[in-house]
Amino acid sequence: MTSYVYSAVRTRFGKFNGALAGVRPDDLTATVMRAIVDRHPDLDPARIDDIVWGNANGAGEENRNVGRMGALLAGFPVSVSGTTVNRLCGSSLDAVMIGSRAIETGDADLILTGGSESMTRAPWVMPKPDRAFPARDVTAVSTTLGWRLVNPKMPKEWTVSLGEGNELLQEEFGISRERQDEFAARSHRLADQAWSEGFYDDLVVDVEGVELERDESIRPGSTPEKLAALKPAFRPDGSITAGNASPLNDGASAVMLGSEQAADLLGAQPLARIAGRAAHALDPHRFGFAPVEAANKALERAGIDWGQVGAVELNEAFAVQSLACVDAWGIDAEIVNAKGGAISIGHPLGASGGRLIGTLAKRMKTEGVRWGVAGICIGVGQGLAVVLENEEGKN
(Lines give C-alpha, C1' and ligand atoms only; values in the text may rest on other atoms or scores of the structure.)
Protein backbone atom coordinates (compact mmCIF):
# COMPACT_ATOMS: atom_id res chain seq x y z
CA MET A 1 0.00 0.00 0.00
CA THR A 2 1.02 3.60 -0.61
CA SER A 3 0.13 6.69 1.42
CA TYR A 4 -0.61 10.11 -0.05
CA VAL A 5 -1.16 13.68 1.08
CA TYR A 6 -4.55 14.78 -0.23
CA SER A 7 -4.99 18.21 1.34
CA ALA A 8 -3.65 20.50 4.05
CA VAL A 9 -4.94 23.56 5.87
CA ARG A 10 -3.87 25.62 8.85
CA THR A 11 -4.87 28.67 10.79
CA ARG A 12 -2.88 31.83 10.42
CA PHE A 13 -0.37 31.68 13.25
CA GLY A 14 -0.88 34.22 16.03
CA LYS A 15 1.89 35.67 18.12
CA PHE A 16 2.14 35.14 21.87
CA ASN A 17 -0.68 37.03 23.60
CA GLY A 18 -1.84 38.14 20.15
CA ALA A 19 -4.91 37.70 17.98
CA LEU A 20 -5.48 34.02 18.87
CA ALA A 21 -4.85 34.42 22.59
CA GLY A 22 -8.56 34.16 23.37
CA VAL A 23 -9.04 30.89 21.47
CA ARG A 24 -8.73 27.58 23.27
CA PRO A 25 -6.37 25.01 21.71
CA ASP A 26 -9.17 22.45 21.42
CA ASP A 27 -11.21 25.03 19.50
CA LEU A 28 -8.24 25.69 17.20
CA THR A 29 -8.12 21.94 16.66
CA ALA A 30 -11.81 21.72 15.79
CA THR A 31 -11.47 24.68 13.41
CA VAL A 32 -8.90 23.03 11.14
CA MET A 33 -10.52 19.60 11.41
CA ARG A 34 -13.83 20.98 10.22
CA ALA A 35 -12.15 23.10 7.54
CA ILE A 36 -10.24 20.22 5.95
CA VAL A 37 -13.36 18.04 5.82
CA ASP A 38 -15.32 20.92 4.28
CA ARG A 39 -12.76 21.02 1.47
CA HIS A 40 -13.94 17.55 0.47
CA PRO A 41 -17.73 17.91 0.05
CA ASP A 42 -18.02 14.29 -1.14
CA LEU A 43 -16.53 13.00 2.11
CA ASP A 44 -18.69 11.45 4.80
CA PRO A 45 -16.66 12.20 7.97
CA ALA A 46 -17.71 8.79 9.32
CA ARG A 47 -15.35 7.27 6.71
CA ILE A 48 -12.30 8.70 8.49
CA ASP A 49 -10.61 5.65 9.96
CA ASP A 50 -8.73 7.49 12.69
CA ILE A 51 -7.34 10.85 13.76
CA VAL A 52 -3.71 11.22 14.82
CA TRP A 53 -3.07 14.64 16.35
CA GLY A 54 0.06 16.36 17.62
CA ASN A 55 0.35 18.53 20.72
CA ALA A 56 3.43 19.39 22.75
CA ASN A 57 2.19 20.81 26.03
CA GLY A 58 -0.99 18.94 26.87
CA ALA A 59 -1.14 20.48 30.32
CA GLY A 60 -4.00 22.92 29.81
CA GLU A 61 -7.29 23.11 27.96
CA GLU A 62 -6.08 20.56 25.42
CA ASN A 63 -5.58 17.85 28.04
CA ARG A 64 -7.57 14.61 27.87
CA ASN A 65 -6.64 13.80 24.26
CA VAL A 66 -7.17 16.88 22.11
CA GLY A 67 -7.27 14.70 18.97
CA ARG A 68 -10.49 13.11 20.18
CA MET A 69 -11.90 16.29 21.73
CA GLY A 70 -11.32 18.25 18.52
CA ALA A 71 -13.28 15.71 16.50
CA LEU A 72 -16.22 15.95 18.89
CA LEU A 73 -16.11 19.74 18.88
CA ALA A 74 -15.93 19.71 15.06
CA GLY A 75 -19.21 17.81 14.97
CA PHE A 76 -17.79 14.59 13.56
CA PRO A 77 -19.73 11.38 14.22
CA VAL A 78 -18.87 9.95 17.63
CA SER A 79 -17.60 6.83 15.81
CA VAL A 80 -14.54 8.76 14.53
CA SER A 81 -11.70 7.84 16.88
CA GLY A 82 -8.70 10.00 17.73
CA THR A 83 -5.38 9.91 19.51
CA THR A 84 -2.87 12.57 20.52
CA VAL A 85 0.89 12.18 20.14
CA ASN A 86 3.64 14.23 21.75
CA ARG A 87 7.07 14.51 20.19
CA LEU A 88 7.38 18.15 21.27
CA CYS A 89 8.11 20.40 18.27
CA GLY A 90 7.78 17.44 15.90
CA SER A 91 4.37 16.30 17.15
CA SER A 92 2.30 16.98 14.01
CA LEU A 93 5.03 15.72 11.68
CA ASP A 94 5.11 12.60 13.83
CA ALA A 95 1.32 12.40 13.42
CA VAL A 96 1.76 12.43 9.64
CA MET A 97 4.37 9.69 9.88
CA ILE A 98 2.20 7.53 12.13
CA GLY A 99 -0.86 8.04 9.94
CA SER A 100 1.03 7.19 6.77
CA ARG A 101 2.27 3.93 8.30
CA ALA A 102 -1.29 2.93 9.21
CA ILE A 103 -2.31 3.43 5.59
CA GLU A 104 0.68 1.58 4.18
CA THR A 105 0.07 -1.44 6.40
CA GLY A 106 -3.54 -1.61 5.23
CA ASP A 107 -5.00 -0.68 8.61
CA ALA A 108 -6.71 2.41 7.16
CA ASP A 109 -7.66 4.17 3.96
CA LEU A 110 -8.18 7.64 5.41
CA ILE A 111 -6.38 9.24 8.35
CA LEU A 112 -6.78 12.85 9.47
CA THR A 113 -3.54 14.16 10.97
CA GLY A 114 -2.29 17.49 12.24
CA GLY A 115 -1.56 19.35 15.43
CA SER A 116 -2.34 22.37 17.55
CA GLU A 117 -0.77 24.56 20.20
CA SER A 118 -1.65 27.64 22.19
CA MET A 119 1.60 28.76 23.75
CA THR A 120 -0.22 31.80 25.10
CA ARG A 121 -2.72 29.71 27.03
CA ALA A 122 -0.24 27.09 28.28
CA PRO A 123 -0.81 26.99 32.05
CA TRP A 124 1.46 27.23 35.05
CA VAL A 125 1.87 23.95 36.92
CA MET A 126 3.27 22.95 40.27
CA PRO A 127 4.24 19.57 41.67
CA LYS A 128 2.18 17.92 44.37
CA PRO A 129 3.88 18.14 47.79
CA ASP A 130 5.83 15.13 49.00
CA ARG A 131 4.02 15.37 52.36
CA ALA A 132 0.90 17.01 53.69
CA PHE A 133 0.89 20.72 54.57
CA PRO A 134 4.46 21.65 53.58
CA ALA A 135 5.73 24.89 55.13
CA ARG A 136 7.99 25.87 52.26
CA ASP A 137 7.03 27.96 49.23
CA VAL A 138 6.00 26.17 46.04
CA THR A 139 6.85 27.65 42.64
CA ALA A 140 4.41 27.58 39.73
CA VAL A 141 6.26 26.66 36.52
CA SER A 142 5.25 27.88 33.05
CA THR A 143 4.57 25.13 30.51
CA THR A 144 4.91 27.47 27.52
CA LEU A 145 8.35 26.27 26.42
CA GLY A 146 11.32 24.20 27.45
CA TRP A 147 12.27 22.07 30.42
CA ARG A 148 10.12 22.09 33.53
CA LEU A 149 10.17 20.01 36.76
CA VAL A 150 13.53 18.60 35.68
CA ASN A 151 14.59 15.25 37.09
CA PRO A 152 17.79 15.88 39.10
CA LYS A 153 19.25 12.65 37.71
CA MET A 154 19.54 14.29 34.29
CA PRO A 155 23.06 15.52 33.43
CA LYS A 156 23.05 19.32 33.59
CA GLU A 157 24.55 19.68 30.12
CA TRP A 158 21.46 17.93 28.71
CA THR A 159 18.98 20.27 30.38
CA VAL A 160 20.31 23.64 29.30
CA SER A 161 17.81 26.01 27.74
CA LEU A 162 16.95 25.71 24.06
CA GLY A 163 18.77 28.96 23.42
CA GLU A 164 21.91 27.88 25.26
CA GLY A 165 21.90 24.60 23.33
CA ASN A 166 21.97 26.58 20.11
CA GLU A 167 24.71 28.89 21.38
CA LEU A 168 26.72 25.68 21.84
CA LEU A 169 25.91 24.77 18.21
CA GLN A 170 27.13 28.20 17.16
CA GLU A 171 30.42 27.52 18.88
CA GLU A 172 30.65 24.06 17.32
CA PHE A 173 30.05 25.19 13.74
CA GLY A 174 31.26 28.79 13.82
CA ILE A 175 28.10 30.27 12.30
CA SER A 176 28.38 34.02 12.63
CA ARG A 177 25.79 36.43 14.01
CA GLU A 178 25.79 38.11 10.61
CA ARG A 179 24.77 34.91 8.80
CA GLN A 180 22.04 34.29 11.36
CA ASP A 181 20.60 37.78 10.96
CA GLU A 182 20.73 37.55 7.17
CA PHE A 183 18.88 34.22 7.31
CA ALA A 184 16.24 35.68 9.62
CA ALA A 185 15.70 38.76 7.47
CA ARG A 186 15.30 36.49 4.42
CA SER A 187 12.61 34.53 6.25
CA HIS A 188 10.57 37.67 6.88
CA ARG A 189 11.09 38.96 3.33
CA LEU A 190 10.02 35.69 1.70
CA ALA A 191 7.03 35.18 3.99
CA ASP A 192 5.81 38.71 3.30
CA GLN A 193 6.28 38.18 -0.43
CA ALA A 194 4.47 34.83 -0.37
CA TRP A 195 1.48 36.31 1.44
CA SER A 196 1.39 39.32 -0.89
CA GLU A 197 1.42 37.02 -3.93
CA GLY A 198 -1.42 34.88 -2.56
CA PHE A 199 0.60 31.70 -2.02
CA TYR A 200 -0.95 31.04 1.38
CA ASP A 201 -4.52 32.01 0.54
CA ASP A 202 -5.77 28.46 -0.02
CA LEU A 203 -3.63 26.96 2.75
CA VAL A 204 -5.17 28.94 5.61
CA VAL A 205 -8.58 29.03 7.24
CA ASP A 206 -10.23 31.74 9.33
CA VAL A 207 -10.78 31.29 13.05
CA GLU A 208 -14.24 32.34 14.14
CA GLY A 209 -14.29 35.71 15.86
CA VAL A 210 -10.66 36.52 14.97
CA GLU A 211 -9.57 39.12 12.44
CA LEU A 212 -6.09 38.26 11.23
CA GLU A 213 -4.97 38.87 7.67
CA ARG A 214 -1.73 36.91 7.76
CA ASP A 215 0.66 35.22 10.16
CA GLU A 216 1.02 37.70 12.98
CA SER A 217 4.76 37.48 13.63
CA ILE A 218 5.87 38.51 10.12
CA ARG A 219 7.83 41.78 10.14
CA PRO A 220 8.11 42.93 6.51
CA GLY A 221 10.61 45.66 7.35
CA SER A 222 13.20 43.34 8.88
CA THR A 223 16.73 43.77 7.54
CA PRO A 224 20.06 42.33 8.66
CA GLU A 225 21.03 45.81 9.82
CA LYS A 226 17.95 46.18 12.04
CA LEU A 227 18.35 42.68 13.44
CA ALA A 228 22.01 43.38 14.20
CA ALA A 229 20.92 46.03 16.71
CA LEU A 230 19.11 43.49 18.92
CA LYS A 231 20.77 42.32 22.13
CA PRO A 232 21.69 38.65 22.65
CA ALA A 233 18.94 36.76 24.45
CA PHE A 234 20.80 33.93 26.19
CA ARG A 235 24.40 35.02 26.72
CA PRO A 236 25.77 38.56 27.18
CA ASP A 237 28.21 37.90 24.35
CA GLY A 238 26.02 35.43 22.45
CA SER A 239 24.78 35.46 18.86
CA ILE A 240 21.15 34.40 19.29
CA THR A 241 18.53 37.14 19.64
CA ALA A 242 14.77 37.45 19.59
CA GLY A 243 15.17 38.36 15.92
CA ASN A 244 17.02 35.29 14.66
CA ALA A 245 14.99 32.70 16.58
CA SER A 246 11.39 31.61 16.18
CA PRO A 247 8.82 33.38 18.38
CA LEU A 248 6.16 31.91 20.67
CA ASN A 249 2.91 31.31 18.79
CA ASP A 250 -0.61 29.91 18.69
CA GLY A 251 -2.17 27.94 15.84
CA ALA A 252 -3.26 24.64 14.33
CA SER A 253 -2.69 22.65 11.14
CA ALA A 254 -4.34 19.63 9.52
CA VAL A 255 -3.22 17.17 6.83
CA MET A 256 -5.52 14.61 5.20
CA LEU A 257 -3.75 11.37 4.35
CA GLY A 258 -5.15 8.50 2.34
CA SER A 259 -4.52 5.43 0.27
CA GLU A 260 -4.97 5.37 -3.49
CA GLN A 261 -8.56 4.21 -2.91
CA ALA A 262 -9.22 7.27 -0.75
CA ALA A 263 -9.44 9.41 -3.88
CA ASP A 264 -12.99 8.12 -4.36
CA LEU A 265 -13.93 8.92 -0.77
CA LEU A 266 -12.52 12.42 -0.99
CA GLY A 267 -13.45 13.27 -4.54
CA ALA A 268 -9.90 14.51 -5.10
CA GLN A 269 -6.54 13.45 -6.41
CA PRO A 270 -3.51 13.37 -4.10
CA LEU A 271 -1.02 16.20 -3.88
CA ALA A 272 2.03 14.04 -3.15
CA ARG A 273 3.16 10.56 -2.18
CA ILE A 274 4.89 9.97 1.14
CA ALA A 275 8.08 8.37 -0.10
CA GLY A 276 10.28 8.20 3.00
CA ARG A 277 10.36 9.13 6.66
CA ALA A 278 12.81 8.85 9.54
CA ALA A 279 13.65 9.89 13.08
CA HIS A 280 17.09 10.54 14.54
CA ALA A 281 18.34 11.32 18.02
CA LEU A 282 21.55 12.68 19.57
CA ASP A 283 22.69 14.49 22.73
CA PRO A 284 19.73 16.53 24.02
CA HIS A 285 21.55 19.88 23.92
CA ARG A 286 22.45 19.30 20.23
CA PHE A 287 18.81 18.89 19.18
CA GLY A 288 19.09 21.59 16.54
CA PHE A 289 21.37 19.40 14.44
CA ALA A 290 19.19 16.28 14.61
CA PRO A 291 17.31 16.93 11.31
CA VAL A 292 20.54 16.29 9.40
CA GLU A 293 20.59 12.53 9.87
CA ALA A 294 16.79 12.26 10.01
CA ALA A 295 16.60 13.68 6.48
CA ASN A 296 19.55 11.63 5.24
CA LYS A 297 17.84 8.46 6.48
CA ALA A 298 14.49 9.45 4.97
CA LEU A 299 16.13 10.09 1.58
CA GLU A 300 17.87 6.72 1.70
CA ARG A 301 14.55 5.03 2.42
CA ALA A 302 12.97 6.90 -0.49
CA GLY A 303 15.77 5.68 -2.76
CA ILE A 304 17.06 9.12 -3.74
CA ASP A 305 19.81 11.56 -2.75
CA TRP A 306 20.09 15.28 -2.11
CA GLY A 307 20.97 15.98 -5.73
CA GLN A 308 17.39 15.08 -6.72
CA VAL A 309 15.66 17.27 -4.12
CA GLY A 310 14.16 20.50 -5.42
CA ALA A 311 12.32 21.86 -2.35
CA VAL A 312 12.99 21.77 1.39
CA GLU A 313 10.84 22.96 4.28
CA LEU A 314 12.99 23.04 7.41
CA ASN A 315 11.47 24.40 10.60
CA GLU A 316 13.43 27.48 11.61
CA ALA A 317 13.55 27.03 15.37
CA PHE A 318 16.75 29.09 15.36
CA ALA A 319 18.68 30.54 12.44
CA VAL A 320 21.89 28.94 13.69
CA GLN A 321 20.55 25.38 13.72
CA SER A 322 18.87 25.86 10.35
CA LEU A 323 22.13 27.05 8.81
CA ALA A 324 24.04 24.19 10.43
CA CYS A 325 21.65 21.71 8.82
CA VAL A 326 21.74 23.34 5.39
CA ASP A 327 25.54 23.44 5.50
CA ALA A 328 25.74 19.78 6.50
CA TRP A 329 23.45 18.73 3.65
CA GLY A 330 25.50 20.76 1.16
CA ILE A 331 22.39 21.94 -0.68
CA ASP A 332 21.47 25.20 -2.39
CA ALA A 333 20.05 27.40 0.39
CA GLU A 334 17.63 28.97 -2.11
CA ILE A 335 15.48 25.82 -2.19
CA VAL A 336 15.01 25.98 1.59
CA ASN A 337 11.93 27.76 2.97
CA ALA A 338 11.31 29.73 -0.20
CA LYS A 339 8.00 31.01 1.23
CA GLY A 340 9.40 31.99 4.62
CA GLY A 341 9.90 29.88 7.71
CA ALA A 342 9.18 29.69 11.42
CA ILE A 343 11.30 32.72 12.31
CA SER A 344 8.74 34.86 10.50
CA ILE A 345 5.63 32.67 10.21
CA GLY A 346 5.83 31.35 13.76
CA HIS A 347 6.29 28.07 15.58
CA PRO A 348 3.25 26.92 17.58
CA LEU A 349 4.98 23.74 18.66
CA GLY A 350 2.42 21.03 17.95
CA ALA A 351 1.21 22.62 14.70
CA SER A 352 4.48 23.26 12.87
CA GLY A 353 4.99 19.85 11.26
CA GLY A 354 1.61 19.98 9.54
CA ARG A 355 2.44 23.46 8.26
CA LEU A 356 5.68 22.15 6.77
CA ILE A 357 3.89 19.34 4.91
CA GLY A 358 1.19 21.62 3.52
CA THR A 359 3.66 24.26 2.36
CA LEU A 360 6.02 21.68 0.88
CA ALA A 361 3.29 19.88 -1.07
CA LYS A 362 2.04 23.13 -2.56
CA ARG A 363 5.54 24.35 -3.40
CA MET A 364 6.28 21.10 -5.21
CA LYS A 365 3.12 21.47 -7.30
CA THR A 366 3.60 25.13 -8.17
CA GLU A 367 7.33 24.81 -8.82
CA GLY A 368 7.08 21.53 -10.76
CA VAL A 369 9.44 19.81 -8.32
CA ARG A 370 9.41 16.02 -8.09
CA TRP A 371 11.11 15.48 -4.71
CA GLY A 372 10.85 17.48 -1.50
CA VAL A 373 11.92 17.14 2.15
CA ALA A 374 10.24 18.39 5.33
CA GLY A 375 12.41 18.38 8.45
CA ILE A 376 12.15 19.59 12.03
CA CYS A 377 14.35 19.68 15.12
CA ILE A 378 12.90 18.64 18.45
CA GLY A 379 13.85 19.45 22.03
CA VAL A 380 15.60 16.74 24.06
CA GLY A 381 17.76 15.81 21.08
CA GLN A 382 15.58 14.54 18.26
CA GLY A 383 14.74 15.29 14.64
CA LEU A 384 12.17 14.06 12.11
CA ALA A 385 12.01 14.18 8.32
CA VAL A 386 9.55 13.19 5.61
CA VAL A 387 10.23 12.88 1.86
CA LEU A 388 7.41 13.70 -0.54
CA GLU A 389 7.16 12.82 -4.22
CA ASN A 390 5.10 14.89 -6.62
CA GLU A 391 4.14 12.29 -9.19
CA GLU A 392 3.18 15.00 -11.69
CA GLY A 393 6.82 16.06 -11.63
CA LYS A 394 8.18 12.72 -12.80
CA ASN A 395 8.40 13.73 -16.44
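Note that the structure is a prediction, hence the values are computed from the model and not measured.

The subject of this paragraph is the packing of helix 3 (residues 91-104) against helix 11 (residues 352-367). Where helix 3 meets helix 11, the axes come as close as 5 Å, and the angle between the chain directions of the two elements is 65°. Facing S92, L93 and V96 of helix 3, the residues of helix 11 in contact are S352, G353, G354 and I357. Residues belonging to the contact of helix 3 with helix 11 are distributed by class as follows: 3 nonpolar, 4 polar and no charged.

Now for the nonpolar core. Membership of the largest hydrophobic core comes to 41 residues, with the highest contact counts inside it found for W306, V309, V312, W329, I331, V373 and V387. Within the residue set of this core, elements represented by two or more residues are helix 5 (177-196), strand 10 (272-281), helix 8 (291-302), strand 11 (309-314), helix 9 (319-329), strand 12 (371-378) and strand 13 (382-389). Setting aside residues no more than four positions away along its own chain, V312 makes contact with W306, W329, I331, I335, V336, N337, L360, R363 and V373. Among the nonpolar cores identified, the runner-up in size contains 35 residues, and A74, L112, V210 and M256 belong to it.

Most of strand 12 sits out of view: 8 of its 8 residues are buried. Going residue by residue along strand 12, you find W371, V373, G375 and C377 tucked away on one face and G372, A374, I376 and I378 tucked away on the opposite face as well. In terms of strand pairing, strand 11 meets strand 12 through 5 bridges, oriented parallel. Looking at strand 12, one finds that L314 is bridged to G375. Bridge count for strand 12 against strand 13 is 8 bridges, and the pairing is antiparallel.

With that settled, the discussion passes to the pattern of salt bridges. By the definition in use, this model includes 19 salt bridges. With a shortest N-O distance of 3.0 Å, R87 and D94 are connected by a salt bridge. R87 gets classed as partly exposed once you look at its relative accessible area, which sits at 22%. Here D94 falls in the buried class, since its relative accessible area comes to 8%. Residue R363 is joined to E367 by a salt bridge in which the shortest nitrogen-to-oxygen separation is 3.0 Å. Residue R363 and its partner E367 are both found in helix 11; the two are separated by 4 residues, about one turn of the helix. Note on R363: relative accessible area 1%, which makes it buried. A residue is classified by how much of its surface remains accessible, and E367, at 34% relative accessible area, is partly exposed.

A complete count under the given rule lists 0 disulfides for this structure. The structure places no disulfide on C325, whose sulfur is separated from the nearest cysteine sulfur, that of C377, by 7.0 Å. C89 supplies the cysteine sulfur nearest to C377, a cysteine that is in no disulfide, at a spacing of 6.1 Å.

Cut-offs applied
Residues numbered from 1 in each chain as written. Predicted model: local features only at pLDDT ≥ 70, side-chain atom pairs only at ≥ 80, totals over all residues. Heavy atoms only, no water. Axes fitted to C-alpha atoms, helices over the stretch in contact; angles between N-to-C directions. Helix = DSSP H or I, 4+ residues; strand = E, 2+ residues; numbered from the N terminus. Contact = heavy atoms within 4.5 Å. Nonpolar A, V, L, I, M, F, W, Y, C, P; charged D, E, K, R; others polar. Core = buried A, V, L, I, M, F, W, Y, C linked by side-chain atoms within 4.5 Å. Buried < 20%, exposed > 50% of the residue type's maximum accessible area, 1.4 Å probe, protein only. Pairing = 2+ DSSP bridges. Salt bridge = Lys/Arg side-chain N within 4 Å of Asp/Glu carboxyl O. Disulfide = S-S within 2.5 Å.

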